[in-house]
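Descriptive analysis of the structure
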Amino acid sequence: MQKYIQKSKKVKVKVRDVVMAMARLSDLIENFIKELMEEAGKHYVEIQRNELANVFNCAPSQINYVLETRFTIDRGYIIESKRGGGGYIKIYKTSISNNWINKIIENIGDNISESKARYYIDALLDHNIITSREAALMKAVVNDKILPFSQEDKNMLRALLLKAMLMEIARNK
């Protein structure tokens, strides 16, 4: 049975549709911030959370969510926040070093999910450490569908494969 949210007496909205709309909004906000950074030609961008929330007609907490999940140190970003007096949020795109790659390797540990592996691959792509072709190849290697094992074994093998690829990237950087 589908779960519904009662929006009004006559309109029911599927929970899945609401979640998908929120995910799309997060993607739009993330892409907008990245485009601002690119257009500015700087390694950082300064934004005001309330103004950005007005642009996307959403709550400021949605902006916070995007910043906390999409602009993390794992993805090569640092966020500086100043409150009060019309405060701002500064998002820095850090330079990726072998230390950063080694930190990712440590964070992977003995197992990793497909979604987390894709997250790291996307971070490498965002920082021009790998090409889109290399990212596609790496994603193909860590794909659940090609690993004919139990989920636990898939996660362990995926971690080994991803760490091997990352070590090679660090060696050839």
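Residues numbered from 1 in each chain as written. Predicted model: local features only at pLDDT ≥ 70, side-chain atom pairs only at ≥ 80, totals over all residues. Heavy atoms only, no water.

A word on the layout of surface pockets
Just so we agree on the cut-off: A cavity, in this analysis, means grid points on a 1 Å lattice covering only the protein atoms where a 1.4 Å probe fits yet has no way out; a pocket is instead an open set bounded by protein on both sides within 12 Å along at least five of seven lines, and a residue lines either one if it has an atom within 4 Å of a point. Grid points are joined across faces, edges and corners, and a volume is the space filled by probe spheres set on the points. Secondary structure elements follow DSSP: runs of H or I of four or more residues count as helices, runs of E of two or more count as strands, with numbering from the N terminus.
By volume, the largest pocket amounts to about 250 Å³. Along its surface, the largest pocket is lined by Glu-30, Asn-31, Lys-34, Glu-35, Met-37, Glu-38, Lys-42, Tyr-77, Lys-93 and Asp-126. Looking at the lining of the largest pocket element by element, the count peaks at six residues for helix 1 (residues 15-40).

Details of helix 7 (residues 151-171)
The condition that has to hold: Expected helix span is taken as 1.5 Å per residue step, with the number of steps being one fewer than the number of residues. What makes two residues a contact is simply this: any of their non-hydrogen atoms within 4.5 Å.
With 21 residues, helix 7 should cover 30 Å at 1.5 Å per step; its first-to-last C-alpha distance of 30 Å lies within 8% of that length. Residues of helix 7 that are buried make contact with helix 4 (98-108), helix 5 (114-126) and helix 6 (132-142).

What about helix 3 (residues 60-70)?
Rules: The cut-offs for exposure are 20% and 50% of the maximum accessible area for each residue type, with area from a 1.4 Å probe on protein chains only; residues under the lower value are buried, those over the upper are exposed, and the others partly exposed. Directions drawn from the helix axis to the C-beta atoms are what define this arc.
Among all positions in helix 3, only Gln-62, Ile-63, Val-66, Leu-67 and Arg-70 are buried. The arc enclosing the buried residues of helix 3, seen along the axis, measures out at 140 degrees, which places them on a common side.

Re the pattern of salt bridges
This is how the line gets drawn: One side-chain nitrogen of Lys or Arg within 4 Å of one carboxyl oxygen of Asp or Glu is enough to make a salt bridge.
Inspection of every chain in the model, using the stated rule, returns ten salt bridges. In this structure, Glu-30 and Arg-75 form a salt bridge, with 3.3 Å as the shortest nitrogen-oxygen distance. Here Glu-30 is found in helix 1, whereas its partner Arg-75 is found in the loop between helix 3 and strand 4 (77-82), with 45 residues between them in sequence. Both residues of the pair, Glu-30 and Arg-75, belong to the buried class. Taken together, the salt bridges that share partners define one network made up of Asp-27, Glu-30, Lys-34, Arg-70, Arg-75 and Asp-126.

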